[in-house]
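# Remarks on the overall topology
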Amino acid sequence: ISEKMRGGSEEVMLTEMHNSPPEQRETALQELISAAVTAGIQDRIKWTEVNSLDEGVQFWEDQVRSIGMGEYLVDGEFLSERPNSNRERQSTDDSFSAYVSLASTIDGVKPWSVEADMQLVELLSKCASKDGVTPQNLMASSLVKALGEIESETSLLKTVRLDKAIARAALLRVANQVFSYALPYINVNLPEEKLRNDTLGSDSKIDFQTTTLPLPDGDKQRIGLSNYSKVELGQNSLIEETLKSSNTAKWSPPCCARRLRSLRRLLFSQTKSAFFESILDATSTFTPMHQDEYEEPKEIKTIKINRVRATQSRLIAMTNPQDRLKQSVFGQLHKELRSWPNSAFRRSYVGKGHGGQKRCFKVKFVGEGVNDYGGPYRAVFEQIVDELQCDAVTVGGTKPSEKCLLPLLVPCPNKSTAVGNNQDKFLLSTTPLTSTINQELMQFFGKTVGTAVRHNLNLALNFSLMLWRPLSRMLVSRSHLEAIDTLIVSNLKDVSKLGLDLESKMFSEKDDLDGSFRPDEWIDLNFSTHLPDGTRWSLIPGGSEIAVTLGNWRDYIRLMEECHLQQSAAMYKVFKDGLSAVVPVELFPLFTAHELEQLVSGNRQVDVDFIRRCTEYEDISPDSDAVRFFWEVLNEMDNDERTEFLRFVWARSRLPVSAQELSINFKL
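Notes on the structure follow. Source: prediction; values computed, not measured.

Conventions and cut-offs
Residues numbered from 1 in each chain as written. Predicted model: local features only at pLDDT ≥ 70, side-chain atom pairs only at ≥ 80, totals over all residues. Heavy atoms only, no water. Phe/Tyr/Trp six-rings, centres within 6.5 Å; stacked < 30°, edge-to-face > 60°. Lys NZ or Arg CZ within 6 Å of the ring centre and 35° of its normal. Buried < 20%, exposed > 50% of the residue type's maximum accessible area, 1.4 Å probe, protein only. Helix = DSSP H or I, 4+ residues; strand = E, 2+ residues; numbered from the N terminus. Pairing = 2+ DSSP bridges. Axes fitted to C-alpha atoms, helices over the stretch in contact; angles between N-to-C directions. Parallel < 35°, antiparallel > 145°, perpendicular 65-115°, else oblique. Left-handed = near helix turned anticlockwise from the far one by under 90°. Contact = heavy atoms within 4.5 Å. Nonpolar A, V, L, I, M, F, W, Y, C, P; charged D, E, K, R; others polar. Lys, Arg positive; Asp, Glu negative; His and termini not counted. Salt bridge = Lys/Arg side-chain N within 4 Å of Asp/Glu carboxyl O.

## Brief notes about the packing of aromatic side chains
Considering all chains together, one arrives at 19 aromatic pairs under this definition. Through pairs of rings, three or more aromatic residues link up here, namely F330, W340, F345, F361, Y377, F381 and F444. Over the ring of F365 we find R307; its NZ or CZ atom is 3.9 Å from the centre of that ring. The side chain of R359 reaches across the aromatic face of Y377, ending 5.0 Å from its centre.

## Here we look at the pairing of strand β3 (residues 302–305)
The side-chain alternation of β3 yields one buried face, formed by I303 and I305, and one unburied face, formed by T302 and K304. Where β3 lies against strand β6 (residues 362–365), four bridges are found, and the strand directions are parallel. Directly across from I305, in β6, lies its bridge partner F365.

## Considerations on the packing of helix α17 (residues 436–454) against helix α22 (residues 569–580)
Interaxial distance between α17 and α22 falls to 7 Å at its minimum, and their mutual angle equals 45 degrees. With respect to each other, α17 and α22 are oriented oblique. As α17 packs across α22, the resulting crossing turns out to be right-handed. Contacts between α17 and α22 involve N438, Q439, M442, Q443, F445, G446, K447, V449 and G450 from the first element and M571, V574, F575, D577, G578 and L579 from the second. A class-by-class count of the residues in the contact of α17 with α22 yields seven nonpolar, six polar and two charged.

## Description of the side chain of R642
With respect to the helices, strands and loops of the structure, R642 is situated in helix α26 (residues 639–650). An unpaired buried charge is present at R642: no salt bridge exists, and D607, the closest side chain of opposite charge, is 6.1 Å distant. Look past the residues within four positions of R642 in its chain and what remains in contact with it is V606, V608, L634, N635 and M637.

## Things to note about unusual backbone geometry
Phi is mostly negative for residues that are not glycine, and the peptide bonds are mostly trans. Non-glycine residue N422 carries a positive phi angle of around 55 degrees. Structurally, N422 can be placed in the loop between α16 (413–417) and β8 (426–428). Residue class for N422 comes out partly exposed when judged on its relative accessible area of 31%. Here N456, not a glycine, exhibits a phi torsion of approximately 60 degrees, which is positive.

Okay, here's the thing in structure tokens:
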């Protein structure tokens, strides 16, 4: 009866045929049957002769009712593609009280929860991004279609009535409109963060949560836990301050910022992005125009970059890390811009004829006949990301950090051990801050990322949630560590299981707990660990000489988690300092970790339909064979090939999530 009923796109279900010759009607019938055979639905075709269009519509409605779906017909319109008796529209009352009743429950009985609202907001944001509109202008049909495509049985929207979802969406759209007016007046920083910043000069702490281990049944006073007389903390311990603060009450006064963070998922991604963009515009450094509109202002300097000597093959073959850094594009750019004030990175100049590309400097590639009208500027950022995430160096040492082209990032442990998922992820360097130049480079990297965000350049940075969550002021825990370091978490689980089993056994046998007992499985364990860069790190002073026993294994678990959850804390602080010099990181807590990643890095999947919506046609018809063949070939490519295509024609490897965030259209 309807393609829409089967979950596909809505198609014409009736074809009006005027007084046509019999052979024309026969041809039309054969074409219809042929199309039905191709789609495999020939047994669903019903054919009848009618005298008018109204009679044909009535025939179609009768067929819909004959299969028990008449409740989905209202004024001749088919309302839902999902035959669910809980999803029919039950009221045509357009009073406000009827609307309140409609928008207050999911199914007429169960009230809307905050989590259900958050899931609906995320769905609306996703639909709006896909359609290239704002949630305020999203068609109800897009929401209905998205609700019909939900497959997760745990989703609270799985059984929501469509009319109630639409009514609730209208309420959330109004709420977001109010939020957009209020956001400029709300401080999103917590009082304790402001206190840390005022007293310590920085608030780049990584918030984490360790695993709570259960105590065995029995006399818990007999178990010697957290006994630091044997395991004392030293002044140079990485986790010393955290251990101290964990024993003190946290000061967490109620405030609007804390409430807003807890409800951040109620804000549309587009609401937050629009506010963030407005702050970027307000904090941009003013650049006066040149008298000649085709000339660049004197504030926009031309930076010379030699890409010929900075090819990856040449850099990989170099044995001296300092020479490698100096010759890389990142090193060349750092040398040119290291003395620039922070305000210079906040310029967003758009030159005439540059296709709308924002910039704070102009690029000249040495030995290449290229004029920078936007492409070379984007290409510099792309090559910097390639250099930072290259871990194919074969000369030198064997540590993961020594295999990296530049000393700022290291591959996640899952890649180094070839175990688990997310083997394409990178971490900020876990090397202690012993080098001033490394600190300066990491801070410059933060400024580079901030500049890319200001200029709508989506960098293909493959960071894990271990970076995005701290930036958005969200806790990291063992589950996030496991995503990039499967082995270390697996070992911790084994230690926990054996420790709990041994304690339970001793208590059940009413034996005193021997804190010095060391099982054979723990014979190689001590209070030290390997960081992702290959460095061996003592959890406490002299930790490599302190064995893990039944009396201190809980301390070992806690110290291991605290160490690895903030293993990049030193470099994270420097990176965030550089980032905060260019963009307002104070607003990052408005975003979820996933939204923040999309803001910086865009979409990993190259969507051909997205490119088509952003395409301009010049001196060629969109309906021409050449254009049709072009899109067919692009659709046949896999994602890696499409990425290479983008880099070749557009000097970018990532696209933003929404077409509204794209300042430069694709052109054919």
